[in-house]
Amino acid sequence: MKKETLCVQAGYTPKNGEARILPIYQSTTFKYESSEQMGRLFDLEESGYFYTRLQNPTNDAVAAKIAALEGGVAAMLTSSGQAANFYAIFNICEAGDHVVSSAQIYGGTFNLLNVTLRKLGIETTFVDVDASEEEIAAAFKPNTKVLFGETISNPSINVLDIEKFARVAHNHGVPLIVDNTFATPINCRPFEWGADIVTHSTTKYMDGHAMTVGGAIVDSGNFDWQAHAEKFPGLTTPDESYHGLTYTEHFGKLAYITKATSQLMRDLGSIQAPHNAFLLNVGLETLHLRMERHCKNALAVAKWLEANPKVAWVNYCDLPSNKYYSLAKKYMPNGSCGVMSFGLKGSRKDAEQFMDRLKLIAIVTHVADARTCVLHPASHTHRQLTEQQLVEAGVAPDLIRLSVGIENVDDIIADMQQAMEA
Ligand SMILES: *Cc1c(COP(=O)(O)O)cnc(C)c1O
């Protein structure tokens, strides 16, 4: 089925007489007739529900919809996008291992790699998102286990050359993980370009209404762990915590997601609440409609800003003048996302006053939901930094991040117009 149909229908098909809408299984636990059957579930010999930390029918239906949308074999929901990226990496890396990552990624993920994973003994080398194949390859070490990047980076809006990154990863016998949060599978399916694992902060467009924090990991099932068995012992050698079961032998293409669920989720426990999964599913039902409108509105706003004499610069990858335009058109021919950044002519103070005068457009930390919003990183998320440090971090002091919503675009532009004139 096509993506639009999957958004509405995938993941849950009621049988005769069952609820038409995906039910919320608001239950921690599940009942069995015999203790022997329960034992088989604990040994992973039989599949079935027993405890919501490991699996829940509401979550599974929503994960199945996201897997279908990405064209993967299976997915797992997590409590946040941060948990998704942590699990996606930690599922195949342990102390003594090494990661290569694009440097232009979400700040939270950068800290995860640069600070917290280092404390766990996992080192990361960052490469520029525009690095050549040779430069990316030069960052690899014998203990490198994964290459990481974002389809469209938050907040700098760089576009990842997924095919290039996938080639370098596969030449070194490791998978490429792509965080596809901003593009969503509606605009880009990284598996079609060679990515092996996709992650999401479902908090953003997938939920789309700023209601629930959540994440997801999707496995393409394409990476051949067995062919590089010595690099991935966690998948290819017996797991003592499951009586010596080997994930690749037992689960084949589902090895990676099964290990993430039955080992990491069992031990670390960042599950998505079933009620949140239900709300996420309501969001997913309109994802295709919303992404189309986000992109259409954003392009109109970006063109208006570019033509405006009060505006110094605009960074949006769907503008023909943008550095990433050709990559954006290659990977996202129908549009990228609704997020952009721009600077006003004038001082940092002018930027703050402009934002304070907005009436419809709200100042919030969030991005990528139905309501248009702005953030001034120099005054908010990056406010501890000096002007010099801001420049080094790639956050111009005048940079305003704008997340264009799905309202009527004339009202969005009129609000910006009146704030600029004032
Ligand atoms: C927001 C975001 C995250 C983190 O997700 P949370 O749901 O806030 O934990 C990760 N990656 C990207 C690209 C994001 O935009």
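For the structure itself, look to the data block above.
Below: a short report on this structure.

1. A short note on the overall build of the protein
Item 1. Counting its regular elements, the protein contains 17 helices and 12 strands.
Item 2. For a compact globule of 422 residues, the expected C-alpha radius of gyration is about 22 Å, and the protein comes in at 22 Å, within 12% of that figure.
Item 3. Each of the three principal axes of the protein carries a C-alpha extent, and together these read 75 × 55 × 35 Å.
Item 4. The buried share of the protein, reckoned over its 422 residues, is 54%.
Item 5. The contacts of the protein with a sequence gap of at least 6 include a subset with a gap of at least 24, amounting to 71%.
Item 6. Carbon and sulfur atoms provide 53% of the accessible area of the protein, an area that totals close to 17,700 Å².

2. A word on the sheet that holds strand β2 (residues 98–102)
Item 1. If you walk across this open sheet you meet the seven strands as β1-β7-β6-β5-β4-β2-β3, and the pairing is mixed. With partners counted over all chains shown, the strands left at the sheet margins are β1 (74–78) and β3 (123–127), one partner each. Going from strand to strand, the sheet's axes swing by 20 degrees on average, the running direction of each strand aside.
Item 2. Across the sheet, helix α3 (residues 57–70) touches β1, β6 (197–201) and β7 (215–219), and the angle it forms with β1 is around 125 degrees.

3. Observations regarding the layout of surface pockets
Item 1. The space that makes up the largest pocket amounts to roughly 930 Å³.
Item 2. Contributing to the lining of the largest pocket are 39 residues, with I105, Y106, G107, N154 and P155 lying nearest its centre.
Item 3. Those elements that place two or more of their residues in the lining of the largest pocket are α4 (81–90) and α5 (107–119).
Item 4. With five residues, α5 is the largest single contributor of residues to the lining of the largest pocket.
Item 5. Broken down by class, the residue content of the lining of the largest pocket amounts to 14 nonpolar, 20 polar and five charged.
Item 6. Of the pockets and cavities examined, the second largest pocket occupies roughly 700 Å³.

4. Some details on the packing of α3 against helix α12 (residues 274–284)
Item 1. Two elements in contact, α3 and α12, have axes whose closest approach is 8 Å; the angle formed by their N-to-C orientations is 35 degrees. In this structure, α3 crosses over α12, and the sense of that crossing is left-handed. In this structure, α3 contributes T58, N59, V62, K65, I66 and L69 to the contact, and α12 contributes P274, A277, F278, L280, N281 and L284.
Item 2. Class assignment for the residues of the contact of α3 with α12 results in eight nonpolar, three polar and one charged.

5. Concerning the state of the cysteines
Item 1. For the structure on display, the rule yields zero disulfides.
Item 2. Between C337, a cysteine without a disulfide, and C317, which holds the nearest cysteine sulfur, the sulfur-to-sulfur distance is 5.8 Å.
Item 3. With relative accessibility at 0%, the residue C337 sits in the buried group.

6. Description of the site of the ligand
Item 1. G81, D179, S201, T203 and K204 are the nearest of the 16 residues found near the ligand.
Item 2. T203 is positioned such that a nitrogen or oxygen atom in its side chain is 2.6 Å from an oxygen atom of the ligand.
Item 3. K204 places a side-chain nitrogen or oxygen 2.6 Å from an oxygen atom of the ligand.
Item 4. In the complex, 92% of the free accessible area of the ligand, which totals 380 Å², lies under the protein chains.
Item 5. Take the shell around the ligand: its biggest share by element is three residues, from α4.

7. Remarks on the pairing of β6
Item 1. Of all five residues in β6, five are buried, a share of seventy percent or more.
Item 2. Residues of β6 alternate between two faces, with I197, T199 and S201 on one and V198 and H200 on the opposite face, all of them buried.
Item 3. Pairing between strand β5 (residues 176–179) and β6: three bridges, direction parallel. Bridge pairing links V178 to V198 in β6.

8. So, the sheet that holds strand β10 (residues 362–363)
Within a sheet, neighbouring strands are paired by backbone hydrogen bonds and run either parallel or antiparallel to one another.
Item 1. One open sheet accounts for five strands, arranged β8-β9-β12-β11-β10; its pairing is mixed. A strand with exactly one partner marks an edge of an open sheet, and here the two such strands are β8 (311–315) and β10.
Item 2. Pairing of strand β9 (residues 339–344) with strand β12 (residues 400–403), which is carried by four bridges, proceeds in the antiparallel orientation. Bridged to S341 within β12 is R401.
Item 3. Contacts between helix α15 (residues 348–357) and the sheet are confined to β9, β10, β11 (373–375) and β12, with β9 contributing the most and set at about 125 degrees to the helix.

9. Quick look at unusual backbone geometry
Item 1. Cis geometry marks the peptide bond from N154 to P155, where omega comes out at 5 degrees.
Item 2. Considering the arrangement of structural elements, one finds P155 in the loop between β4 (144–150) and α7 (162–171).
Item 3. Located in the positive-phi region is I157, a residue other than glycine, with phi close to 60 degrees.
Item 4. Topologically, I157 is positioned in the loop between β4 and α7.
Item 5. For I157, a relative accessible area of 0% gives the class buried.
Item 6. At H243, a position not held by glycine, the phi torsion is positive, near 50 degrees.
Item 7. Mapped onto the elements of the fold, H243 is located in the loop between α9 (233–236) and α10 (247–251).
Item 8. The exposure class assigned to H243 is exposed, which follows from its relative accessible area of 64%.

10. Notes on the pattern of salt bridges
Item 1. Considering all chains together, one arrives at 12 salt bridges under this definition.
Item 2. Taking the shortest distance from any N to any O, the salt bridge between K31 and E33 comes out at 3.7 Å.
Item 3. Exposure remark for E33: the relative accessible area of 72% places this residue in the exposed category.
Item 4. Of the charged contacts in the structure, one is a salt bridge between K323 and D130, with a shortest N-O distance of 2.9 Å. Taken together, the positions of K323 in the loop between β8 and α14 (325–331) and D130 in the loop between β3 and α6 (133–138) put the pair 193 residues apart, joining distant regions of the chain.

Conventions we followed
- Residues numbered from 1 in each chain as written.
- Predicted model: local features only at pLDDT ≥ 70, side-chain atom pairs only at ≥ 80, totals over all residues.
- Heavy atoms only, no water.
- Helix = DSSP H or I, 4+ residues; strand = E, 2+ residues; numbered from the N terminus.
- Rg over C-alpha atoms; globule rule 2.2 N^0.38 Å.
- Buried < 20%, exposed > 50% of the residue type's maximum accessible area, 1.4 Å probe, protein only.
- Contact = heavy atoms within 4.5 Å.
- Areas by Shrake-Rupley, 256 points an atom, 1.4 Å probe, with all protein chains shown as cover.
- Pairing = 2+ DSSP bridges.
- Axes fitted to C-alpha atoms, helices over the stretch in contact; angles between N-to-C directions.
- 1 Å grid on protein atoms, 1.4 Å probe; cavity = no way out; pocket = protein on both sides within 12 Å on 5 of 7 lines; lining within 4 Å.
- Points joined across faces, edges and corners; volume = space filled by probe spheres on them.
- Nonpolar A, V, L, I, M, F, W, Y, C, P; charged D, E, K, R; others polar.
- Left-handed = near helix turned anticlockwise from the far one by under 90°.
- Disulfide = S-S within 2.5 Å.
- Near = heavy atom within 4 Å.
- Polar contact = N/O pair within 3.5 Å; in protein donor to acceptor, adjacent residues only side chain to side chain.
- Salt bridge = Lys/Arg side-chain N within 4 Å of Asp/Glu carboxyl O.

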